[in-house]
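Given next are the chains, with one letter for each unit.
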Amino acid sequence: MQTVILAAGQGTRMRPLTDSVPKPMLPVGTRPLAAHTADAAVDAGASELIVVVGYESDAVRGFFGAEYRGVPVTFARQEQQNGTADAVRAARPHLDGPFAVLNGDNLYDTSDIEALFEAGPAIAAIRVDTPKNYGVLSTDGSSVTGIVEKPADPPSNLANAGAYVFPTDAIDWLDVDESDRGEYELTDVVAHTIEDADVTAIELNRWLDVGRPWELLAANEWKLSELDRSIQGQVAEDAELRGAVVVESGATIEPGVVVEGPALIRTGAHVGPNAYIRGQTLLGPDTKVGQSVEIKNSILMAGTSVPHLSYVGDSILGRDVNFGAGTNVANLRHDDEPVEITVKGNSVSTGRRKFGVVIGDETKTGINTSLNAGVVLSPGSVTKPGESIYRDR
Ligand code: TTP
C-alpha cells in the first residue's frame, strides 16, 4: 500500500531544537524520528513511501533518498504548512489506490501498523486518560462512527493516533474547508470517510506523539530500551559497560568509565577517562564526555562536548554545544512538583518530576554555570563564568 508520511511541519513546540533541524530528523536512538515511522510502514508492507516535505526539507530528502530499505521513496512538497489535509493534498498526484497516512513524528509498534494496514479503511486509536486533549473517536463495536476534536464532553477515551488507511475514493475528499484554527485538517477527511465507508478502529498497544522536548526524551527512552548490547568501538580494559550498551565502531571509551545500559554511544564519540554514563543516554556522533562527568537520561546531539566536571540529567543538548568545566544541570524541584518549561510562550508541565534543560545548537556555557531545571537556551547562547541561569534566553 502507498504510504504517505507527513514530515513537512515546522515543529514549533519543539523549538529551539527545530530551529534548523526539522522535527522528523531529530535523533531517536540510532536514527531520525521519521525513520522509525517509515520502518513501521515498511515492515507492515508499504509498497511506496510518499514523504511530504516542507520545513527544512533538504534534511528529510537527504536522509530518505530514492529508496528506503528497498521501498521506493517519492517526495511531495507542501509549500506552506497549512494543515495535515493540505499536506496529504500535496501527495495527491502520486496516489492511485487505497493509501495509508502516518504522522512522521509519531512512534508506533510495527505489529500495530500491520494490523492497521490489514484492516482496510481504518484509523489508529489509543486509549488515553484525558481524551479532551485529543481528537476523540466514537465507535460502534470496532467501526468508527464519529470523530471530534478536543471535545469538552468526550464520547470515549479512544484518541486519534495519527495513522490511517483511506479508501481510493478519499483521494477526492482531500479538499476540505478551512477549520476554525485556519488549517485544512485530516480529521475532516476522516469524518467524510466515516460517512462513506466502514472504517475500523485499530487500538494500538503503544504510541508516542513527539511534539515537545520531553517527548523527544521519551522517544529515546522507548527506542534505546529496544537495543541489544553491541560493542564495536574501542573500549579500555577497565571500563565497565553494564547491560544493553551499544558502542558503535569509531567510538572510544577511556579507562575508568562506567556506562549503564540502555545507552548508545555513537561513532566518533569520546568518553572519559573516569566518566559515568547512566541509563537511557544517547551520546551522538562526535560527542565528547570527559573527566568526572555524569550524564543521565539525556541526549547529546552530534559534536557536543561536556569535557570536565559536570552533571547533566534528563536533558537535551543540541548540536555543537560546549559546556564549560563545572557546568551543572538541576533536574529536580525541591517542592517535588513536575518540572515546567516554556513552550510557545506558555509555561507547560513536562509531567516529569525529573527534567533538566533544553539547549540550542552551538551554545557555550562559561565555567561553573548552574542551569536550573526547565531552562531552555536558544541556539548560540553564551553564559558567563559562574552564572546561575533561572530564565530562558
Ligand atoms: P503537528 O504536530 O500538528 O505540527 P508540527 O509537527 O509542525 O508541530 P508544531 O505543532 O509543534 O508546530 O503535525 C502533525 C504531523 O503532520 C507532523 O508529522 C507534521 C505534519 N504536518 C505537515 O506535514 N504539514 C502541516 O501543514 C502540518 C500542520 C503538519
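Definitions and cut-offs
Residues numbered from 1 in each chain as written. Predicted model: local features only at pLDDT ≥ 70, side-chain atom pairs only at ≥ 80, totals over all residues. Heavy atoms only, no water. Phe/Tyr/Trp six-rings, centres within 6.5 Å; stacked < 30°, edge-to-face > 60°. Lys NZ or Arg CZ within 6 Å of the ring centre and 35° of its normal. Domains from an automatic or database assignment. Contact = heavy atoms within 4.5 Å. Buried area = accessible area lost by both parts, 1.4 Å probe. Salt bridge = Lys/Arg side-chain N within 4 Å of Asp/Glu carboxyl O. Polar contact = N/O pair within 3.5 Å; in protein donor to acceptor, adjacent residues only side chain to side chain. Nonpolar A, V, L, I, M, F, W, Y, C, P; charged D, E, K, R; others polar. Near = heavy atom within 4 Å. Areas by Shrake-Rupley, 256 points an atom, 1.4 Å probe, with all protein chains shown as cover. Helix = DSSP H or I, 4+ residues; strand = E, 2+ residues; numbered from the N terminus. UniProt positions renumbered as here; feature names shortened; annotations may be inferred. Core = buried A, V, L, I, M, F, W, Y, C linked by side-chain atoms within 4.5 Å. Buried < 20%, exposed > 50% of the residue type's maximum accessible area, 1.4 Å probe, protein only. Axes fitted to C-alpha atoms, helices over the stretch in contact; angles between N-to-C directions. Parallel < 35°, antiparallel > 145°, perpendicular 65-115°, else oblique. Left-handed = near helix turned anticlockwise from the far one by under 90°.

J.: What's the story with the packing of aromatic side chains in this structure? I'm lost.
T.: Remark: the centre distance and the inter-plane angle together describe each pair of aromatic rings, the angle taken between the planes. Following the criterion strictly, the structure yields 6 aromatic pairs and no others. Through pairs of rings, three or more aromatic residues link up here, namely Phe 63, Phe 64 and Tyr 68. Of note, Arg 89 hangs over the ring of Tyr 184, and the distance from its end group to the ring centre comes to 4.9 Å.

J.: Whenever I open this one, the domain arrangement of the protein chain confuses me. Can you help?
T.: Reports often express the size of an interface as the amount of accessible area lost when the parts come together. What the domain assignment reports for the protein chain is domain 1 (2-209) and domain 2 (223-389). Between domain 1 and domain 2, the C-alpha centre-to-centre distance is 32 Å. Contact residues are listed per partner, giving 14 residues for domain 1 and 21 residues for domain 2. Summed over both partners, the interface of domain 1 with domain 2 buries about 1400 Å², with 69% contributed by carbon and sulfur atoms. For domain 1, the biggest contributors to the area lost against domain 2 are Pro 16, Leu 17 and Thr 30; these three give 37% of the whole. For the pair domain 1 and domain 2, the interface holds 0 salt bridges. There are 3 residue pairs in polar contact (both at pLDDT 80 or more) connecting domain 1 and domain 2. Classifying every residue of the side of domain 1 that touches domain 2 gives 7 nonpolar, 5 polar and 2 charged.

J.: So what exactly am I meant to see when it comes to the site of the ligand here?
T.: Every one of the 19 residues lining the ligand counts as a neighbour, but Gln 10, Thr 12, Arg 13, Gln 78 and Gly 83 are closest to it. Contacts to the ligand include Arg 13, whose backbone N or O atom sits 2.7 Å from an oxygen atom. In this structure, Lys 23 approaches the ligand through a side-chain N or O atom, which is 3.0 Å from an oxygen atom. Relative to its unbound accessible surface of 570 Å², the ligand loses 85% to contact with the protein. Of all the secondary structure elements, the ones that give two or more residues to the shell around the ligand are strand E1 (2-7) and helix H3 (84-91). In the shell around the ligand, the residues fall into 4 nonpolar, 11 polar and 4 charged.

J.: Sorry if this is basic, but what is going on with the UniProt feature "domain: Nucleotidyl transferase" (unreviewed entry) in the protein chain here?
T.: Here the UniProt feature "domain: Nucleotidyl transferase" (unreviewed entry) sits at residues 3-221. Measuring from the first to the last C-alpha atom of residues 3-221 gives 26 Å, for a span that is 26% helix and 31% strand.

J.: Help me understand the nonpolar core in this model?
T.: Inside soluble globular proteins, nonpolar side chains tend to come together where they are buried. Of all hydrophobic cores here, the largest spans 66 residues; its most connected members are Leu 49, Phe 64, Ile 113, Leu 116, Phe 117 and Leu 216. Two domains each donate at least three residues to this core, and these are domain 1 (2-209) and domain 2 (223-389). The contacts of Leu 49, once residues within four sequence positions are left out, are Thr 3, Ile 5, Ala 38, Ala 41, Val 42, Tyr 68, Val 71, Pro 72, Val 73 and Thr 74.

J.: Where do I start with the packing of helix H1 (residues 33-43) against helix H4 (residues 110-118) in this structure?
T.: Each packed pair of helices is defined by two parameters, the angle between the axes and the distance between the axes. Remark: H1 packs on H4, axes separated minimally by 8 Å, with the N-to-C direction vectors making an angle of 50°. When the axis of H1 is compared with that of H4, the two are oblique. Pair H1 / H4 crosses with right-handed handedness. Residues Ala 40, Ala 41 and Asp 43 of H1 form the contact with H4, whose own contacting residues are Thr 110, Ile 113, Glu 114 and Phe 117. Along the lines of polarity and charge, the residues of the contact of H1 with H4 split into 4 nonpolar, 1 polar and 2 charged.

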